[in-house]
Amino acid sequence: MGLTFCSDEERRAEEAYQMALRYLGFRSRTQKEVEEHLKRKGFDEEAIEKAMEKLKGYGFVDDRAFALSWVNSRLRNNPKGKAAMVWELRQKGVDAGLIDEVMGSISEEQEEAVANRLAQKYYERYKGADEKERAHKVAQALLRRGFDWELIQRIIRRLE
């Protein structure tokens, strides 16, 4: 039975890796989110870099998979327009080229269907208001959710 000696650097990298795994245990995260978490916990650049290499190697950190999952979740559970999703992904540190790629996977029909469902919900909510005010409130709600003005106008015309 031999003793294993590891350098202080290797030990810190392993600690960073283990802390990152715990952080990722709650939900998937972007590379930037994990790196920032480890920095806040006091790890140096070298430990973070080694931990990130290991995490990526095992597929625990994958910004492409994260972005695709994020967008699909937004379309299903908390509907947002492309503009809002782009902003959210940028905030999470996803590369602009990757964001463009993922956003390109959403068809105009998909986005319109999501906006339509949301508009119907808001239209019902404001049924006590007069038609003009109702249309205005629905449009404002869709704008806040990041939908394109042209799309909103088409939907409002169909609702009236």
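Quantities reported herein were computed from a predicted structural model and do not represent experimental measurements. (Residues numbered from 1 in each chain as written. Predicted model: local features only at pLDDT ≥ 70, side-chain atom pairs only at ≥ 80, totals over all residues. Heavy atoms only, no water.)

**Student:** How would you sum up the confidence of the model for the protein? Please name residues and give values.
**Tutor:** Looking at the protein as a whole, the pLDDT averages 91, with 96% of positions reaching at least 70. The lowest-confidence element of the protein is helix 1 (residues 8-24), averaging 91 in pLDDT; the highest-confidence one is helix 2 (residues 31-40), averaging 96. (pLDDT = per-residue confidence, 0-100. Helix = DSSP H or I, 4+ residues; strand = E, 2+ residues; numbered from the N terminus.)

**Student:** Got a sec to walk through the environment of Arg-74? Specific residues and values, please.
**Tutor:** You can see Arg-74 is positioned in helix 4 (residues 63-76). Note on Arg-74: relative accessible area 14%, which makes it buried. C-alpha separation for the pair Arg-74 and Arg-40, spaced 34 residues apart in sequence, amounts to 28 Å. Setting aside anything within four residues of it in sequence, one finds Arg-74 in contact with Pro-79, Lys-80, Met-85 and Glu-88. (Buried < 20%, exposed > 50% of the residue type's maximum accessible area, 1.4 Å probe, protein only. Contact = heavy atoms within 4.5 Å.)

**Student:** An account of helix 8 (residues 131-144) is needed here, citing residue identities and associated values.
**Tutor:** Its 14 residues place the ends of helix 8 20 Å apart at the C-alpha level, agreeing with the 20 Å of an ideal helix rising 1.5 Å per residue. Restricting attention to buried positions, one finds in helix 8 the residues Arg-134, Ala-135, Val-138, Ala-139, Ala-141 and Leu-142. All buried residues of helix 8 fall inside an arc of 160 degrees around its axis, so they share one side. Across helix 8 from its buried face, at more than 90 degrees, point the exposed residues Lys-132 and Arg-144. (Expected span 1.5 Å × (residues − 1). Arc of directions from axis to C-beta.)

**Student:** I'd like a rundown of the packing of aromatic side chains, residues and numbers included.
**Tutor:** Following the criterion strictly, the structure yields three aromatic pairs and no others. Note on Phe-66 and Trp-70: the rings are 5.7 Å apart at their centroids and 25 degrees apart in plane angle, and the pair reads as stacked. Of the two residues, Phe-66 and Trp-70 both sit in helix 4, four residues apart, roughly one turn of that helix. The exposure class of Trp-70 is buried, given its relative accessible area of 18%. Judged by centre distance (6.4 Å) and plane angle (10 degrees), the ring pair of Tyr-122 and Tyr-126 falls under stacked. The ring centre of Tyr-17 lies 4.2 Å from the NZ or CZ of Lys-54, which sits over that ring. Stacked on the ring of Tyr-122, the Lys or Arg Lys-121 has its end atom at 5.3 Å from the ring centre. (Phe/Tyr/Trp six-rings, centres within 6.5 Å; stacked < 30°, edge-to-face > 60°. Lys NZ or Arg CZ within 6 Å of the ring centre and 35° of its normal.)

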